[in-house]
Amino acid sequence: MTRTVGGAESTATRLRTMIADGDFAPGAQLSEERLSDQLGVSRNTLREAFRLLARDRLVEHVFNRGVFVRRLSASDVADLYAARRVLEEAAVRACTPSSPALAAAAAAVVDARRAAAADDWRAVGTADIRFHSELVRAVPSERIWGLMDGMLAEMRLAFLTTEDPAAFHAQFVDRNEAIVAALRAGDAAAASALLAAYLDDAEGTLRAAAAEDRQD
């Protein structure tokens, strides 16, 4: 039983990465037969992995049709950003210039710039997401970290509805760097204002994209 659960968790992680990387678009059906062969797992393991992904709101079961990658609505995006504001604002308040979380977030910005210079836009998006995940590590709570990572996994579904997800992330690299600079200077108020503007602009773009995606 333990091996089955472990296999399901490993399979869910692989599928989560595939979804995040855009291998499956929002609304795409996930074929049990094809994925069982592709991933080398039993259908029972795959079904348990689907249940784990459904718990994370990454897929949904449609009666008599199968399992599909979720398509977020504009209200889903608004809900996610409302939660992100709470968590990331708490991170800004908790962050100090010497915080390891800030150093890790700054490293993510460096990686994003390096990836942009190499025209590796998928890596830019991954580094941008990592920036926010690392920033929240300034809050000393593993429960908060897990909550943020789960939301960012769900956020990737919203990112995939944009015309160019990588370019969406690239436009925020400078703003991430500005947040890091403010926190390094010990100016939490400036960092908070920069973060709020960032999240407002990102939410507006993604809500519009989600609404348009739902109409297609």
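You'll find the structure just up there.
Note that the structure is predicted; figures quoted are calculated from it, not measured. (Residues numbered from 1 in each chain as written. Predicted model: local features only at pLDDT ≥ 70, side-chain atom pairs only at ≥ 80, totals over all residues. Heavy atoms only, no water.)

K.L.:
An account of empty space enclosed by the protein is needed here, citing residue identities and associated values.
P.N.:
To find leftover empty space, one rolls a probe the size of a water molecule over the atoms. This structure, assessed with the given rule, holds one cavity of 30 Å³ or more. In this structure, the largest cavity spans a volume of roughly 60 Å³. Of all the secondary structure elements, the ones that give two or more residues to the lining of the largest cavity are helix H4 (74-94), helix H6 (121-136), helix H7 (142-159), helix H8 (165-170) and helix H10 (188-215). The dominant element in the lining of the largest cavity, judged by the number of residues it contributes, is H6, at three residues. When grouped by side-chain class, the residues that make up the lining of the largest cavity number eight nonpolar, two polar and two charged. (1 Å grid on protein atoms, 1.4 Å probe; cavity = no way out; pocket = protein on both sides within 12 Å on 5 of 7 lines; lining within 4 Å. Points joined across faces, edges and corners; volume = space filled by probe spheres on them. Helix = DSSP H or I, 4+ residues; strand = E, 2+ residues; numbered from the N terminus. Nonpolar A, V, L, I, M, F, W, Y, C, P; charged D, E, K, R; others polar.)

K.L.:
An account of unusual backbone geometry is needed here, citing residue identities and associated values.
P.N.:
Positioned with a positive phi, Asn64 is a non-glycine residue whose angle comes to about 65 degrees. Overall, the relative accessible area of 70% leaves Asn64 in the exposed class. (Buried < 20%, exposed > 50% of the residue type's maximum accessible area, 1.4 Å probe, protein only.)

K.L.:
Lay out the pairing of strand S3 (residues 66-69) with the relevant residues and their values.
P.N.:
Bridging between strand S1 (residues 29-30) and S3 involves two bridges; their strand directions are antiparallel. When the sheet's bridge partners are listed, Gln29 is paired in S3 with Phe68. Of the strand pairs in this sheet, strand S2 (residues 59-62) and S3 are connected by four bridges, and their pairing is antiparallel. Within S3, the residue paired with Val59 across the bridge is Val69. Two successive antiparallel strands, S2 and S3, enclose a turn made up of three residues, where Asn64 displays a positive phi of approximately 65 degrees. (Pairing = 2+ DSSP bridges.)

K.L.:
Let's hear about the sheet that holds S3: which residues, and what values?
P.N.:
Taken in spatial order, the three strands of this open sheet run S1-S3-S2, and their pairing is antiparallel. With one partner strand each, in any of the chains shown, S1 and S2 form the two edges of the open sheet. Of the strands in this sheet, S1, S2 and S3 are in contact with helix H3 (residues 43-55), which crosses S2 at around 115 degrees. (Contact = heavy atoms within 4.5 Å. Axes fitted to C-alpha atoms, helices over the stretch in contact; angles between N-to-C directions.)

K.L.:
Any details on the environment of Arg207? Residues and values, ideally.
P.N.:
Turning to its location among the elements, Arg207 is positioned in helix H10. Judged by relative accessible area, Arg207 falls into the partly exposed class, the value being 38%. Those residues in contact with Arg207 that lie beyond four places of it in its chain are Ala74, Val77 and Ala78.

K.L.:
Can you break down H4 residue by residue, with the values?
P.N.:
With 21 residues, H4 extends 30 Å between its outermost C-alpha atoms, agreeing within 8% with the 30 Å of an ideal straight helix rising 1.5 Å per residue. Turning to H4, its buried residues number three or more, namely Asp76, Val77, Leu80, Tyr81, Arg84, Leu87, Glu88, Ala91 and Val92. (Expected span 1.5 Å × (residues − 1).)

K.L.:
Describe the pattern of salt bridges, listing the residues and the values that go with them.
P.N.:
Applying the stated rule across the entire model yields 19 salt bridges. Notably, a salt bridge pairs Arg70 with Glu154, separated by 3.1 Å at the nearest N-O pair. Of this pair, Arg70 sits in the loop between S3 and H4 while Glu154 sits in helix H7, and the two are 84 residues apart along the sequence. Given a relative accessible area of 10%, Arg70 falls into the buried group. With a closest N to O distance of 2.8 Å, Arg84 and Glu88 form a salt bridge. With Arg84 and Glu88 both in helix H4 and four residues apart, the pair spans about one turn of that helix. Glu88 shares its class with Arg84; the two are buried. (Salt bridge = Lys/Arg side-chain N within 4 Å of Asp/Glu carboxyl O.)

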